[in-house]
Amino acid sequence: IWTLAACILPLMAIDAQAGAGRTAMEFLKIGQGARAVAMGGAYTALADDAYSMYWNPAGLGRVKTTDLTFQRNHYLADIGQNYFAAALPSAKGTFGFSGNMLAIDGLKRTTYASGAAGQTLGTFGAEDMDLSIGWGQEYSSGFAFGFAGHYLRSEIDHISATAYAGDLGVQYSRENRWTLGACLKNLGTSVKFQKVADRLPTSLRVGAVLKFLRYRNLIASVDFNKPKEDDGFLNFGIEYRLMPQMSLRGGYSTEQEDVGKGISGGVGFRFGLVSLDYAFVPFGPLDDTHRVSLTLHFGG
């Protein structure tokens with residue numbers, strides 16, 4: 001417990017020193033993994049798969065098989081996002097790799113000199129990319145620790161910017177009944193497009209998980225997320241495993257309660273080496289979003 005507190009308390013001081021303001025690389029706030037997203041993003045303590053690379057690198061230490069996963073996100077306004085990750089257990093901990101790519105095309109180019117109202121000068125696109133490497137280790141005491149490093153690149157038309165960031169996470173678990181977790185995300189350099197520099201969306205997440213019933217097939221999770229530049233919010237998730245091959249999930253986020261009511265849901269299937277997960281998140285008048293994740297498990 002003292003180790004967990006020693007990691008969390010200094011990080012909370014960072015938030016007290018920062019006021020509200022803008023950040024760059026907003027795509028880093030979009031949750032990854034259909035299971036996690038269906039559970040409302042309450043995944044900091046629950047992370048134990050390849051998607052730990054996004055939610056909490058400490059969870060890599062709990063991965064028992066070699067996992068390869070791919071997610072397709074049909075996001076708002078015809079924005080497409082692809083995410084892939086790998087978790088590779090070894091005698092010296094589990095190593096993780098991930099790639100996160102978001103792109104949109106067909107944006108109208110307009111300038112002060114574009115002439116009459118409504119006149120445009122063609123179209124352009126925008127792309128964001130995050131390439132990451134991480135490591136996590138679980139210890140006999142119930143603690144897991146991990147970190148991840150990110151290379152970030154953003155391009156708007158022909159203007160691009162790069163940045164570097166890191167994540168630091170811990171988890172503490174007891175008897176497969178409950179787990180606590182914390183993660184400091186996206187602590188790194190600023191992003192500068194031409195003359196303007198913006199900060200990354202740094203945040204602190206703290207979460208807890210409880211497992212119920214005889215076979216621990218009912219899971220409830222909660223996260224508190226405090227972005228450096230904004231107010232904090234809560235995420236709640238629940239998962240019920242009907243049978244070894246099928247799970248039902250639901251979630252709620254106070255961050256999105258004004259758009260789409262903050263709810264989410266989904267389903268997961270497991271057949272041998274293959275897991276297939278789906279998540280649905282409505283955003284009211286902005287449209288609905290759909291995520292599909294495919295994961296391959298080798299060994300174990």
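Our subject is the structure that appears above.
In short, a report on the structure. (Residues numbered from 1 in each chain as written. Predicted model: local features only at pLDDT ≥ 70, side-chain atom pairs only at ≥ 80, totals over all residues. Heavy atoms only, no water.)

**Here's the deal with the environment of histidine 74**
Right, so step 1: Here histidine 74 shows up in strand β1 (residues 66-74).
Right, so step 2: Spatially, the C-alpha atom of histidine 74 lies 6.4 Å from that of arginine 291, the residues being 217 residues apart in sequence.
Right, so step 3: In this structure, histidine 74 is in contact with Ile79, Asp288, Thr289 and His290, ignoring residues within four places of it in sequence. (Helix = DSSP H or I, 4+ residues; strand = E, 2+ residues; numbered from the N terminus. Contact = heavy atoms within 4.5 Å.)

**Examining the pairing of strand β14 (residues 263-271)**
Right, so step 1: Of the strand pairs in this sheet, strand β13 (residues 246-253) and β14 are connected by seven bridges, and their pairing is antiparallel. In the strand pairing of β14, leucine 248 is matched with valine 267.
Right, so step 2: Taken together, the seven bridges between β14 and strand β15 (residues 274-282) define a ladder with antiparallel strand orientation. Across the sheet, the residue bridging to phenylalanine 269 is leucine 276, located in β15.
Right, so step 3: Connecting β14 to the antiparallel partner β15 that follows it, the hairpin turn spans two residues, and glycine 272 within it adopts a positive phi of roughly 60 degrees. (Pairing = 2+ DSSP bridges.)

**Structural notes on the packing of aromatic side chains**
We describe a pair of aromatic rings using the distance from one ring centre to the other and the angle between the two ring planes.
Right, so step 1: Using the criterion set out here, one finds ten aromatic pairs in the structure.
Right, so step 2: Measuring from ring centre to ring centre gives 5.7 Å for tyrosine 51 and tyrosine 83, while their planes differ by 20 degrees; the resulting arrangement is stacked. Taken together, the positions of tyrosine 51 in the loop between α2 (34-38) and α3 (52-55) and tyrosine 83 in strand β2 (residues 80-90) put the pair 32 residues apart, joining distant regions of the chain. Both residues of the pair, tyrosine 51 and tyrosine 83, belong to the buried class.
Right, so step 3: Summarising the aromatic geometry, the rings of phenylalanine 143 and tyrosine 172 are spaced 4.6 Å apart at their centres and angled 40 degrees between planes, so their arrangement reads as tilted. Here the residue phenylalanine 143 occupies a position in strand β5 (residues 143-156), and tyrosine 172 occupies one in strand β6 (residues 159-174), the gap between them amounting to 29 residues. The pair formed by phenylalanine 143 and tyrosine 172 is uniform in burial state, with each residue classed as buried. (Phe/Tyr/Trp six-rings, centres within 6.5 Å; stacked < 30°, edge-to-face > 60°. Buried < 20%, exposed > 50% of the residue type's maximum accessible area, 1.4 Å probe, protein only.)

**Comments concerning a nonpolar patch on the surface**
Right, so step 1: Taken together, Leu68, Leu88, Phe95, Phe97, Ile133, Leu273, Val274, Leu276, Val292, Leu294, Leu296 and Phe298 make up a surface patch of nonpolar side chains, about 940 Å² in accessible area.
Right, so step 2: Breaking the nonpolar patch down by element, the ones donating at least two residues are β3 (93-108), β15 and β16 (288-298).
Right, so step 3: Of all the elements, β16 adds the most residues to the nonpolar patch, at four residues.
Right, so step 4: Tracing the chain through its elements places phenylalanine 298 in strand β16.
Right, so step 5: With a relative accessible area of 38%, phenylalanine 298 lands in the partly exposed category. (Patch = residues over 30% accessible without salt bridge, like charges linked within 9 Å, V, L, I, M, F, W, Y side chains within 5 Å. Areas by Shrake-Rupley, 256 points an atom, 1.4 Å probe, with all protein chains shown as cover. Salt bridge = Lys/Arg side-chain N within 4 Å of Asp/Glu carboxyl O.)

**Concerning the nonpolar core**
Across soluble globular proteins, nonpolar side chains have a tendency to be buried as a group.
Right, so step 1: Judged by nonpolar contacts, the single largest core of 23 residues is most densely connected at Met25, Phe27, Tyr75, Leu152, Val191 and Leu200.
Right, so step 2: Elements with a minimum of two residues in this core: α2, β3, β6 and β15.
Right, so step 3: Dropping the residues within four chain positions of it, valine 191 is found in contact with Ala24, Met25, Ala161, Ala163, Val196, Ala197, Asp198 and Leu200. (Core = buried A, V, L, I, M, F, W, Y, C linked by side-chain atoms within 4.5 Å.)

**Things to note about the side chain of threonine 202**
Right, so step 1: Of note, threonine 202 is situated in the loop between β9 (196-198) and β10 (203-212).
Right, so step 2: For threonine 202, a relative accessible area of 7% gives the class buried.
Right, so step 3: From its side chain, threonine 202 meets the backbone oxygen of asparagine 186 in a polar contact 2.7 Å long. (Polar contact = N/O pair within 3.5 Å; in protein donor to acceptor, adjacent residues only side chain to side chain.)

**Considering unusual backbone geometry**
Right, so step 1: A positive phi angle, close to 60 degrees, is found at asparagine 186, a residue other than glycine.
Right, so step 2: Of note in the backbone geometry, leucine 213 takes a positive phi value of approximately 70 degrees without being a glycine.
Right, so step 3: Considering the arrangement of structural elements, one finds leucine 213 in the loop between β10 and β11 (218-227).
Right, so step 4: Residue classification places leucine 213 among the partly exposed residues on the basis of a relative accessible area of 45%.

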